[in-house]
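Descriptive analysis of the structure
Chain by chain, the residues run as shown.
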Amino acid sequence: MTTRSTEDRQGVVMHVRCPDRLPEDAYRQVLELLAELSPVVQALPPTAALVDLRGALRYHGATARRLAEVLRVRAIARLGVDVRVGIGPTVTVAATASAQVPGPGGVLAVDAEQATGWLARLPVEALHGIGPRQAAVLIDYGIHSVALLAAIPPATVQRLLGGKAGRLATDRARGVDPRSVVPRALPPTAAVRCSFDRHTLDGATVRAALLDLVVQLGSRLRGRDQAARALTLTLKFAGRSTWEKTRRLREPSAHDEDLRHLAYQLMDAAGLQRGRLTGLALKAEDLIAADQVAEQISLDAGREARLVAETAIDRVRDKFGAGVIGPAAVYRRAS
């Protein structure tokens, strides 16, 4: 179903869904395309975003549907990525609409005057904000559509879903959603993690897993043109206990060598003896843009050679995949 473009004075929200498993650098480029349309963009990692179009409509002298189509054309032409776009008077309506667009891309705009009636015809599980478990509970009680959810007294829905969740579900089914689009970029952190199939005491195995996380994290930061000022290492033990510690780098960096040295220092600080580990997590914090990192003249020829090799390795990974090359310690020995 497609309705006429939204031009409501009360609010015009665009919800954009990128393809699943979109690389983070491509997702950031989509956000940049959105910023060309409106300065009010809210990133919803890993693959979605919200845009407030009220000022953009006046600035561009175009309808919301027209701007959405411009976005699709630019995303396909520049990035080779198609997007699904929903437009509505509220966040709920726009996000629900974008989910109704079949892949790989398209635009669905819902007028403010038609929003409540359009929502009412949808199955309850299609309403944005209703999770699978909540939908299952509602369906068990015969509430199969958004129209039925909107007609039921809020107190009844609260007894089924809980106080806050029930109140929000009722409001959104009735088209009530006071949330605004809050400009927000991607979080200034990046994290990688791994889990062990069984509790492990093997120091070599743990070090290899940590080294693999360092390589993943460094590659991600360089791909995002960012550098970390601090690292946080989290150790997860059998029995669900955890250990966490943060240390700052001497200088912001995204190089594997610098991240590895600090990660190993953090691991040594844990003082492990016979702890049974179930997983590791490594997070880069206080990120800054790579072009803000001061470039120092180095007299260490060995380090300079390693950095040149790192750049070449990144190109190999970009072309053939992340797992084709890396430190020997992270690969299992042939049996």
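Note that the structure is a prediction, hence the values are computed from the model and not measured.

**With respect to the overall build of the protein**
- Along its length, the protein carries 12 helices and 10 strands.
- For the protein, the spread of C-alpha atoms along the principal axes amounts to about 65 × 50 × 35 Å.
- Expressed as a percentage of its 335 residues, the buried residues of the protein come to 43%.
- Considering only residue pairs separated by 6 or more positions, the protein has 65% of its internal contacts joining residues 24 or more positions apart.
- Per element, the accessible surface of the protein, about 18,400 Å² overall, is 51% carbon and sulfur.
- Put simply, the protein has 46 plus and 35 minus side-chain charges, and the middle of one group is 6 Å from the middle of the other.

**Topic: the sheet that holds strand β3 (residues 48-52)**
- The strand order across the open sheet built from five strands is β2-β3-β1-β4-β5, with neighbouring strands paired in mixed fashion. Where the open sheet ends on each side, the last strands, each with one partner, are β2 (41-44) and β5 (106-109). Averaged over all neighbouring strand pairs, the angle between strand axes comes to 15 degrees, with direction disregarded.
- Summarising the sheet, strand β1 (residues 13-17) and β3 pair through five bridges and their orientation is antiparallel. Counterpart to M14 in the pairing with β3 is V51.
- Contacting β1, β2 and β3, helix α1 (residues 24-37) crosses the sheet at an angle of about 160 degrees to β2.
- With respect to the sheet, helix α3 (residues 64-79) is in contact with β1, β4 (84-88) and β5, its orientation differing from that of β5 by roughly 165 degrees.

**Here we look at the pattern of salt bridges**
- If you walk through the whole model with that rule in mind, you get 18 salt bridges.
- Note that D314 is salt-bridged to R317, the shortest N-O span being 3.6 Å. Of this pair, D314 and R317 both sit in helix α12 (residues 301-320), three residues apart, roughly one helical turn. The same class applies to D314 as to R317, namely buried.
- Each of R222, D256, E310, D314 and R317 takes part in a single network of salt bridges with overlapping partners.

**So, the packing of helix α10 (residues 203-223) against helix α11 (residues 256-269)**
- The geometry of α10 relative to α11 is characterised by a closest axis approach of 9 Å and an angle of 140 degrees between their N-to-C directions. Judged on the interaxial angle alone, α11 and α10 are oblique. Classified by chirality, the crossing of α11 by α10 is right-handed. Across the interface between the two elements, V206, R207, L210, L211, V214, V215, G218, S219, L221 and R222 from α10 touch D256, L259, R260, A263, Y264, M267 and D268 from α11.
- For the contact of α10 with α11, a count of residues per class yields 10 nonpolar, two polar and five charged.

**A short note on the confidence of the model for the protein**
- The predicted model of the protein has a mean per-residue pLDDT of 88, with 93% of residues at 70 or higher.
- Across residues 1-9 the pLDDT falls below 50, and counting only partners more than four positions away or on other chains, this stretch makes 34 contacts in the model.

**Comments concerning the pairing of β5**
- On β5, burial covers both faces: G106 and L108 on one face and V107 and A109 on the other are all buried.
- Bridging between β4 and β5 involves four bridges; their strand directions are parallel. Opposite R84, over in β5, you have G106 as the bridge partner.
- In terms of handedness, the path from β4 via helix α4 (residues 91-100) over to β5 forms a crossover that is left-handed.

**Comments concerning the nonpolar core**
- By size, the foremost hydrophobic cluster in this structure holds 32 residues, and its most contacted members are M14, L34, L53, L71, V85 and I87.
- Mapped by element, the contributors of at least two residues to this core are β1, α1, β2, β3, α2 (54-60), α3, β4 and β5.
- The element best represented in this core is α1, accounting for seven residues.
- Once residues lying within four places of it in the same chain are set aside, the contact partners of L53 are V12, M14, S38, A64 and L67.

**Quick look at the environment of R317**
- Given a relative accessible area of 9%, R317 falls into the buried group.
- It is 9.1 Å that separates the C-alpha atoms of R317 and S219, two residues lying 98 residues apart in sequence.
- For R317, the contacting residues outside a window of four places in its chain are V215, S219, R222, A322, I325 and G326.

Conventions we followed
Residues numbered from 1 in each chain as written. Predicted model: local features only at pLDDT ≥ 70, side-chain atom pairs only at ≥ 80, totals over all residues. Heavy atoms only, no water. Helix = DSSP H or I, 4+ residues; strand = E, 2+ residues; numbered from the N terminus. Buried < 20%, exposed > 50% of the residue type's maximum accessible area, 1.4 Å probe, protein only. Contact = heavy atoms within 4.5 Å. Areas by Shrake-Rupley, 256 points an atom, 1.4 Å probe, with all protein chains shown as cover. Lys, Arg positive; Asp, Glu negative; His and termini not counted. Charge placed at Lys NZ, Arg CZ, Asp CG, Glu CD. Pairing = 2+ DSSP bridges. Axes fitted to C-alpha atoms, helices over the stretch in contact; angles between N-to-C directions. Salt bridge = Lys/Arg side-chain N within 4 Å of Asp/Glu carboxyl O. Parallel < 35°, antiparallel > 145°, perpendicular 65-115°, else oblique. Left-handed = near helix turned anticlockwise from the far one by under 90°. Nonpolar A, V, L, I, M, F, W, Y, C, P; charged D, E, K, R; others polar. pLDDT = per-residue confidence, 0-100. Right-handed = clockwise from strand over helix to strand, strands pointing away. Core = buried A, V, L, I, M, F, W, Y, C linked by side-chain atoms within 4.5 Å.

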